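# Coordinate analysis (summary)
Now for the letters of each chain:
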Amino acid sequence: MKFALIGSNISQSYSKTIHENLLINNYQLLQIKDIKDVFNYDLKGFNVTHPFKEDIIPYLSSMDDIAKETRAVNTVLKKNNHYIGFNTDYEGFKAMMAYNHVDFQGKNVLILGNGASSRTVEHYLMKQNVKSLTKLVRTIKGDHEDLIKNQNKYMDTHIIINTTTVGMSPHTKDKLILNFHNFPECTLVIDIIYNPYRSKLLIEAEKFNIKTINGLYMLLIQAKKAQEIWLNQTIDLNTVNKVYHHLINQYINLVLIGMPLSGKTTYGQLIAKALNKKWIDTDIKIEEYSQLKIPQIFKLSGEEKFREIESQVIDLIHQNQGIIISTGGGVILNHTNIEKLKENGLIIYINNQTTNLNNIDFSHRPLINNLDDIKKMKEKRDPIYKEVADIEMIIDESNPFSVERFRDSVYEYFNH
Ligand SMILES: Nc1ncnc2c1ncn2[C@@H]1O[C@H](COP(=O)(O)OP(=O)(O)O)[C@@H](O)[C@H]1O
Ligand SMILES: O=C(O)C1=C[C@@H](OP(=O)(O)O)[C@@H](O)[C@H](O)C1
Ligand SMILES: [Mg+2]
């Protein structure tokens, strides 16, 4: 039996990974230009994504209620030579909101976009007792819509949900369409994009200390529901959780930040080995790239030049997925570095309070010569490490580092 995803820009989709890790073992990504092309393949069932969620409707014999009401179909089942449409995105979004304990009651909500996915999200919100709901759009097509350029009229917005494809991989550098200075009351931004892990919109929201949720869990649950329809059997939560962790493992980088001598290099290497992952140490890359040792770069060209090379290296490596990255302690001094690392990565602050300075050869570390230098540096940087990190891992006498501990803290992060 054959299954597939159809859409116009799907090479970066995780659907193949998800479906083949659930119950089916043959799922293809079919990039097509015309919706009619899907009928050239002998498919038992398929998923539909942008821009065909509404275009598929004329070819269907029947639809479930939510698909009818939203005019958005993301799952199709072929049965007795007829095609039946379903909207499992709805269940995906609903499950994602429950998983993250999101409460919309009494909230002013902005949806970005007025395509098929916006109608699925809207359908859910209609039942949540929101105070107000407006769509910010490029071209007005319906009620409760306003142009993006009028965003400053919505100062009292509490929650923003992006349903557009702006910022989706591979177009991660797309221009941001919101200015968060316009939303002083906003406490939550949801982006249904899951690749990159954090879109530009989410990274920008986090700069304003706004909580964020990406679309990975929604993607997983809509896929689970689709398979339940195609195979006519239920999939238990245990299987779903396993696939969720598989996705995190495969696509999200684990990025170690923290003070010099905290163990980023040593632990990063240990973690990579234990988890069988690729490891990059940005300092090693800098040395390869410049063909000079780090103290030489500082001596010959100064810190500014070193920081420039460091940023170039971050730019070169940040699009990896599923790897371990050990950074140099000063990587946080340039916020652009952190924004890039956040795109596909979880940022983990190794706050090591046991650093033993006996026998240390300071000649490899141009910015520190003694304990006092380290103390001063930590005072200045500790707030920044804390601010940008997703997880802070404190290491002291009673809580030593271990790969298991590290792994557990990442696991816990994703299992609120
Ligand atoms: N040159 C050195 N000589 C002796 N021990 C060292 C040296 N460099 C690091 N260590 C030991 O390894 C630990 C971690 O260092 P490292 O992994 O290089 O940290 P980071 O990458 O965070 O600067 C330090 O706490 C120290 O005990
Ligand atoms: O903290 C810093 O500014 C630096 C830390 C070093 O890396 P480690 O943190 O791995 O020692 C290295 O990048 C360079 O000497 C600058
Ligand atoms: Mg290091």
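Counting restarts for each chain, with residues numbered from 1 along the sequence as it is written. By the order in which they are written, chains take letters starting at A while ligands take numbers starting at 1. A pLDDT threshold of at least 70 governs which residues receive local features in this predicted model, and a stricter bar of 80 or more applies before side-chain atom pairs are shown or counted, although totals over entire chains, interfaces and linings include all residues. Here the side-chain values reflect all heavy atoms present in the structure, with hydrogen atoms and water set aside.

An unreviewed UniProt entry lists the chain under the name Shikimate kinase, with Hujiaoplasma nucleasis given as the organism. As its UniProt record puts it under Subunit (unreviewed entry), the chain is described as follows: "Monomer." UniProt positions are given in the numbering used here, feature names are shortened, and annotations may be inferred rather than shown by experiment. Within the UniProt record for the chain, the comment given under Catalytic activity (unreviewed entry) is "shikimate + ATP = 3-phosphoshikimate + ADP + H(+)".

It is worth spelling out the nonpolar core at this point. What makes a nonpolar core is a set of buried Ala, Val, Leu, Ile, Met, Phe, Trp, Tyr and Cys residues whose side-chain atoms join them at distances within 4.5 Å. Only protein chains enter the accessibility calculation, which uses a 1.4 Å probe; a residue is then buried when its area is under 20% of its type maximum, exposed when over 50%, and partly exposed in between. Core analysis: the biggest nonpolar cluster contains 58 residues, and Phe93, Phe104 and Ile190 have the highest contact counts within it. Numbering goes from the N terminus for both helices and strands, where a helix is a DSSP run of H or I of at least four residues and a strand is a run of E of at least two. For this core, the element with the highest residue contribution is helix 6 (residues 216-231), accounting for seven residues. When checking whether two residues touch, look at their non-hydrogen atoms; a contact exists if any pair is within 4.5 Å. With residues up to four places along the chain from it excluded, the contact list for Phe93 reads Val121, Tyr124, Ile161, Ile190, Ile192 and Met218. Grouped together as the second largest cluster of nonpolar side chains are 22 residues, Ile338, Ile347, Phe362 and Tyr385 included.

Here the focus is the site of ligand 2. Working definition: residue near molecule or strand if any one of its non-hydrogen atoms lies within 4 Å of it. Neighbouring ligand 2 are 14 residues, the closest being Lys264, Asp283, Arg307, Arg365 and Arg381. Within 3.5 Å is the distance limit for a polar contact, defined as a pair of N or O atoms, with the added protein rule that one can donate a hydrogen and the other accept it, and that residues adjacent in sequence qualify only through two side-chain atoms. Asp283 places a polar side-chain atom, nitrogen or oxygen, 2.7 Å from an oxygen atom of ligand 2. Here an oxygen atom of ligand 2 and a backbone polar atom of Gly329 are 2.8 Å apart. Taking 380 Å² as the accessible area of ligand 2 by itself, protein coverage stands at 94%. Taken atom by atom, the bulk of ligand 2 overlaps the second largest pocket. Broken down by secondary-structure element, the contributors of at least two residues to the shell around ligand 2 are helix 8 (264-275) and helix 10 (294-317). The greatest single-element share of the shell around ligand 2, amounting to three residues, is contributed by helix 10. For this scheme, ten residues count as nonpolar: Ala, Val, Leu, Ile, Met, Phe, Trp, Tyr, Cys and Pro. Four count as charged, namely Asp, Glu, Lys and Arg, and the remainder, Gly too, count as polar. For the shell around ligand 2, the per-class residue count stands at five nonpolar, four polar and five charged. We get accessible surface area from the Shrake-Rupley algorithm with a probe of 1.4 Å; when it comes to residues, only the shown protein chains can shield them. Here the term cavity refers to a set of points on a 1 Å grid, laid over the protein atoms alone, in which a 1.4 Å probe fits but cannot get out; the term pocket refers to an open set having protein on both sides within 12 Å along at least five of seven lines, with lining residues being those that place an atom within 4 Å of a point. Assignment to a cavity or pocket requires that more than half of a molecule's atoms be within 2 Å of the site's grid points.

UniProt feature "domain: Shikimate dehydrogenase substrate binding N-terminal" (unreviewed entry): in the numbering of this structure it lies at residues 5-76. Along residues 5-76, the helical share is 18% and the strand share 22%, with 10 Å between the first and last C-alpha atoms.

Now for the domain arrangement of the chain. Domain start and stop positions are those given by an automatic or database domain assignment. In terms of domains, the chain is made up of domain 1 (3-87), domain 2 (91-217) and domain 3 (252-414). Between the C-alpha centres of domain 2 and domain 3 the distance comes to 33 Å. Listed per partner, the contact involves 11 residues of domain 2 and 15 residues of domain 3. Buried area is a sum: the accessible area each of two parts loses on coming together, probed at 1.4 Å, counted once for each and added. Both faces considered, domain 2 and domain 3 share a buried interface measuring about 1100 Å² in area, 43% of it formed by carbon and sulfur atoms. Counting the surface domain 2 buries against domain 3, the share from its top three residues, Tyr197, Arg198 and Ile203, is 51%. Counted as salt bridges are all cases of a side-chain nitrogen of Lys or Arg within 4 Å of a carboxyl oxygen of Asp or Glu. Close ionic contact of Lys342 with Glu206 constitutes a salt bridge, the shortest N to O distance being 3.0 Å. Of all the elements, helix 5 (residues 200-207) adds the most residues to the side of domain 2 that touches domain 3, at three residues. Grouping the constituent residues of the side of domain 2 that touches domain 3 by class yields four nonpolar, three polar and four charged.

Another aspect to go through is the site of ligand 1. Neighbouring ligand 1 are 13 residues, the closest being Leu261, Lys264, Thr265, Thr266 and Arg365. Measuring from an oxygen atom of ligand 1, one finds a backbone N or O atom of Gly263 at 3.0 Å. When ligand 1 sits alone it has 560 Å² of accessible area, and the protein chains cover 70% of it. For the shell around ligand 1, the class distribution of residues is four nonpolar, six polar and three charged.

Let us look at the layout of surface pockets. Grid points are joined across faces, edges and corners, and a volume is the space filled by probe spheres set on the points. The computed volume of the largest pocket comes to approximately 1200 Å³. Around the largest pocket, the lining comprises 48 residues; the ones closest to its centre are His50, Ser117, Thr163, Thr164 and Thr165. Here the lining of the largest pocket takes four residues from helix 4 (residues 116-125), the largest share from any one element. Grouping the constituent residues of the lining of the largest pocket by class yields 18 nonpolar, 22 polar and eight charged. Each of domain 1 (3-87) and domain 2 (91-217) gives at least three residues to the lining of the largest pocket. Its volume calculated, the second largest pocket comes out at about 680 Å³. Every residue lining the second largest pocket is counted, 31 residues in all, and those nearest its centre are Thr265, Asp283, Ile294, His364 and Arg365. Breaking the lining of the second largest pocket down by element, the ones donating at least two residues are helix 8, helix 9 (282-290), helix 10 and helix 12 (371-388).

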